[in-house]
Amino acid sequence: MRIKLIEPKFRGEWAEQDVEDIRSFWFPRLTLPTVAALTPPEVDVVVTDENVEEIDYEEPVDLVGLTAMTMHAPAAYAIARRFRQRGIPVVMGGIHASLLPQEALQHVDSVVVGEAEEIWPTVVEDARKGCLRRVYRAGSHPDLRGLPRPRLDLLRMEAYDRVACVQTARGCPFQCDYCSVSRFFGRTFRTRPVEEVVQEVKALGERFVVFVDDNIVGNPSYAKELFRRLIPLGIRWGSQASLSIARDRELLDLAVKSGCYSLFVGIESLSEQNLRDVHKRTNRVQDYERDLKTLRDHGVTVIASFIFGLEHDDEGTFERTVRFCEQNRIPLPVFFILTPIPGTPLYERLDREGRILTKQWHKYDGMHVVFQPRMMSPETLQKGFQWVCQEVYSWGSIARRLFFPPGRRLLPHIGLNKTFRRIARRIPPGEVSPLAKVLQSLEGVIPIREVRSLLPTVTDEALQRGSSWIRETWNVLRIRAAYHEPMRTIFFQLEGAMDRTSTRALIKRVMRAVRTGRSIVIDFERVHHLSPAAVDLLIREARERLQEWSQRIRLVNLPERLNGMWGHLKDVLGEQGASLGGVGLPEGGRST
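Residues numbered from 1 in each chain as written. Predicted model: local features only at pLDDT ≥ 70, side-chain atom pairs only at ≥ 80, totals over all residues. Heavy atoms only, no water.

A. Structural view of the overall build of the chain. Within the chain, the secondary structure is distributed over 24 helices and 20 strands. The C-alpha atoms of the chain give 27 Å as radius of gyration, which agrees with the globular expectation for 592 residues (25 Å, within 12%). Along the first, second and third principal axes, the C-alpha atoms of the chain reach 90 × 50 × 45 Å. For the chain, the proportion of contacts with a sequence separation of at least 24, taken over those separated by at least 6, is 76%. When the accessible surface of the chain is summed, it comes to about 25,000 Å², and 50% of that surface belongs to carbon and sulfur atoms. The averaged location of the 76 negative side-chain charges in the chain is 4 Å from the averaged location of its 84 positive side-chain charges. (Helix = DSSP H or I, 4+ residues; strand = E, 2+ residues; numbered from the N terminus. Rg over C-alpha atoms; globule rule 2.2 N^0.38 Å. Contact = heavy atoms within 4.5 Å. Areas by Shrake-Rupley, 256 points an atom, 1.4 Å probe, with all protein chains shown as cover. Lys, Arg positive; Asp, Glu negative; His and termini not counted. Charge placed at Lys NZ, Arg CZ, Asp CG, Glu CD.)

What follows is the structure, encoded as structure tokens:
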């Protein structure tokens with residue numbers, strides 16, 4: 001019996017990788033080499049990665065196995081059709097088929113749902129007997145002890161940058177709404193015995209190893225043990241990790257001593273609200289600068305990913321993100337448009353809300369808008385993403401990230417940036433509106449100078465409950481600005497304390513926003529202390545600019561304890577004052 005296992009090539013209009021890309025920085029996925037290792041030894045098995053070689057549709061085989069993520073599904077279905085026309089049965093597994101088995105069954109003979117360890121030998125035996133079942137479901141998530149080593153020898157090893165790939169764990173301890181890993185692997189994080197991992201690394205005999213885990217530090221105690229055992233091997237390695245590694249100094253030190261060269265980290269968003277919404281709990285925006293510096297100081301090359309289109313992203317997100325990458329000297333930033341993969345909580349929610357715009361799976365590649373964003377139009381999101389890809393890999397931005405000052409591994413980083421620049425140039429030019437730069441100028445952190453005059457704006461209970469938050473913002477006013485494109489409204493969210501100085505800075509920003517022709521909403525919900533001088537300044541400003549304040553500007557969540565002072569402001573604004581404190585912010589419209 002002869003089985004052919006095929007990894008489909010993605011046929012996207014921009015994201016398709018050519019031979020040079022793969023040789024420059026890519027490595028094979030372990031899915032099919034692992035399935036090949038699970039195949040009974042008396043069965044002849046071949047692996048074809050269409051990314052690096054053509055598929056021989058005339059090859060004499062008895063069974064074809066396909067794997068596919070959502071964006072690969074149309075290509076996989078097309079491959080299945082050609083083999084089935086020859087009368088060759090096709091079985092399909094992987095994330096997409098597991099989450100949408102009924103769809104896959106319209107194109108293939110059989111579907112494997114879940115991980116293959118327990119059921120693949122049964123599939124092979126049934127195929128040998130000519131009695132394939134329509135669906136094979138894994139009864140549980142397999143124990144990772146004693147797994148056979150992936151058949152890397154079946155790959156065209158010379159076609160990749162690296163082929164020494166090892167998996168130490170499956171799953172992820174976090175439950176991000178947009179991620180299909182947790183749905184496929186269950187809410188589990190399973191690790192292989194450290195000794196088995198070490199022996200596999202030794203057997204590879206390579207100086208550089210890629211650990212293909214979704215989060216190599218998902219279990220810190222396990223990771224520390226693994227890193228200790230890797231130190232004597234003298235290898236270098238790369239993997240994916242959460243930013244939490246930068247806050248555990250022992251873990252990071254062991255990783256570096258064991259040969260950690262590069263880490264792919266999911267920063268995802270510069271908005272705390274976005275991170276909370278998608279349950280990315282391990283990330284803390286206020287720690288980004290410190291965490292990235294820690295990794296940089298330890299000599300770790302950071303490949304940082306960002307997602308655009310989350311609920312609190314607005315037009316200013318693109319400009320902010322590029323400047324953040326430059327300011328934090330991120331060697332290799334990568335960007336994706338939020339993509340609701342079928343089966344994830346994100347997809348289910350957006351589908352329920354009627355916000356899924358297309359189910360053409362080839363567009364679910366992280367480079368196309370397939371849903372209706374909350375804060376901007378699909379066109380604005382698409383063009384902004386394209387602009388970021390071009391802008392961050394412009395020569396000017398590359399220089400700002402790598403040369404000021406020059407960091408470690410300058411020459412390798414230049415080479416990788418040239419490769420990423422070549423890929424980015426395939427994406428059509430995008431654009432951001434002039435408002436994007438204006439939004440960035442509206443934000444800021446203003447020091448408080450009149451601390452002794454501050455009065456609490458919330459109840460004693462609230463002050464006590466939020467004591468840690470208040471300590472962090474006692475001496476400053478943080479101003480965040482977001483633009484809600486459908487409402488043509490700029491939202492200011494204030495956090496911290498307000499005195500005369502910070503209020504004056506706020507008023508300048510508000511009037512700058514007014515000149516854009518948009519409506520303005522100022523949210524005071526997270527202002528916990530306020531000085532009488534600040535209130536007087538607001539009242540005077542409202543009186544002097546009565547027409548603009550009464551027609552264009554709304555104040556919401558005004559401090560209850562200072563209603564007497566705010567009453568003066570309401571009187572100044574006349575009938576429009578009735579709306580003060582009563583205008584609700586739209587869902588998804590609070591801040592970025």
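B. Summary view of the nonpolar core. The biggest cluster of nonpolar side chains holds 99 residues, and the ones touching the most others in it are F83, F227, W237 and I267. When residues no more than four places from it in sequence are discounted, the contact partners of I267 are L243, L275, N283, Y288, L292, A304, S305, F306, F324 and I330. Core analysis: the second largest hydrophobic core is formed by 37 residues, I446, Y483, A505 and L530 among them. (Core = buried A, V, L, I, M, F, W, Y, C linked by side-chain atoms within 4.5 Å. Buried < 20%, exposed > 50% of the residue type's maximum accessible area, 1.4 Å probe, protein only.)

C. Molecular detail of the pairing of strand β19 (residues 519-530). Taking burial as the measure, the twelve residues of β19 include nine buried ones, the bulk of the element. When strand β16 (residues 455-456) meets β19, the two strands line up antiparallel, connected through two bridges. Residue pairing across strands places P456 opposite H529, the latter belonging to β19. Chirality of the crossover, the property in question, places the unit of strand β18 (residues 489-498), helix α21 (residues 500-514) and β19 among those that are right-handed. In this sheet, strand β20 (residues 553-556) lies alongside β19 in parallel orientation, the contact comprising four bridges. (Pairing = 2+ DSSP bridges. Right-handed = clockwise from strand over helix to strand, strands pointing away.)

D. Focus on helix α13 (residues 316-327). For α13, spanning twelve residues, the distance from its first C-alpha to its last is 16 Å, which sits close to the expected 16 Å at 1.5 Å a residue. With eleven of its twelve residues buried, α13 lies for the most part within the structure. Buried residues of α13: G316, T317, F318, E319, R320, T321, V322, R323, F324, C325 and E326, and no others. Just downstream of α13, R329 is the residue with a positive phi angle, here 50 degrees. (Expected span 1.5 Å × (residues − 1).)

E. Region of the structure containing the packing of α13 against helix α16 (residues 395-402). Where α13 meets α16, the closest approach of the two axes is 7 Å, and the angle between their N-to-C directions is 40 degrees. In this view, α13 runs oblique relative to α16, as classed from their interaxial angle. Contacts between α13 and α16 involve V322, R323, C325 and E326 from the former and S397, R400 and R401 from the latter. Along the lines of polarity and charge, the residues of the contact of α13 with α16 split into two nonpolar, one polar and four charged. (Axes fitted to C-alpha atoms, helices over the stretch in contact; angles between N-to-C directions. Parallel < 35°, antiparallel > 145°, perpendicular 65-115°, else oblique. Nonpolar A, V, L, I, M, F, W, Y, C, P; charged D, E, K, R; others polar.)

F. Layout of the packing of aromatic side chains. The full count for this structure, using the stated rule, is twelve aromatic pairs. When the ring of F208 is compared with that of Y261, the centres are 5.8 Å apart and the planes differ by 75 degrees; the resulting orientation is edge-to-face. Of this pair, F208 sits in strand β10 (residues 208-211) while Y261 sits in strand β12 (residues 260-268), and the two are 53 residues apart along the sequence. Ring geometry for F211 versus W237: centroids 5.6 Å apart, planes at 75 degrees, classification edge-to-face. Of this pair, F211 sits in strand β10 while W237 sits in strand β11 (residues 236-241); the two residues are 26 residues apart in sequence, bridging distant segments of the chain. The class for F211 is buried, based on a relative accessible area of 1%. A network of ring pairs unites the aromatic residues Y288, F306, F308, F318, F324 and F335 as a single cluster. Here the basic side chain of R82 rests over the ring of Y57, its NZ or CZ set 3.7 Å away from the ring centre. (Phe/Tyr/Trp six-rings, centres within 6.5 Å; stacked < 30°, edge-to-face > 60°. Lys NZ or Arg CZ within 6 Å of the ring centre and 35° of its normal.)

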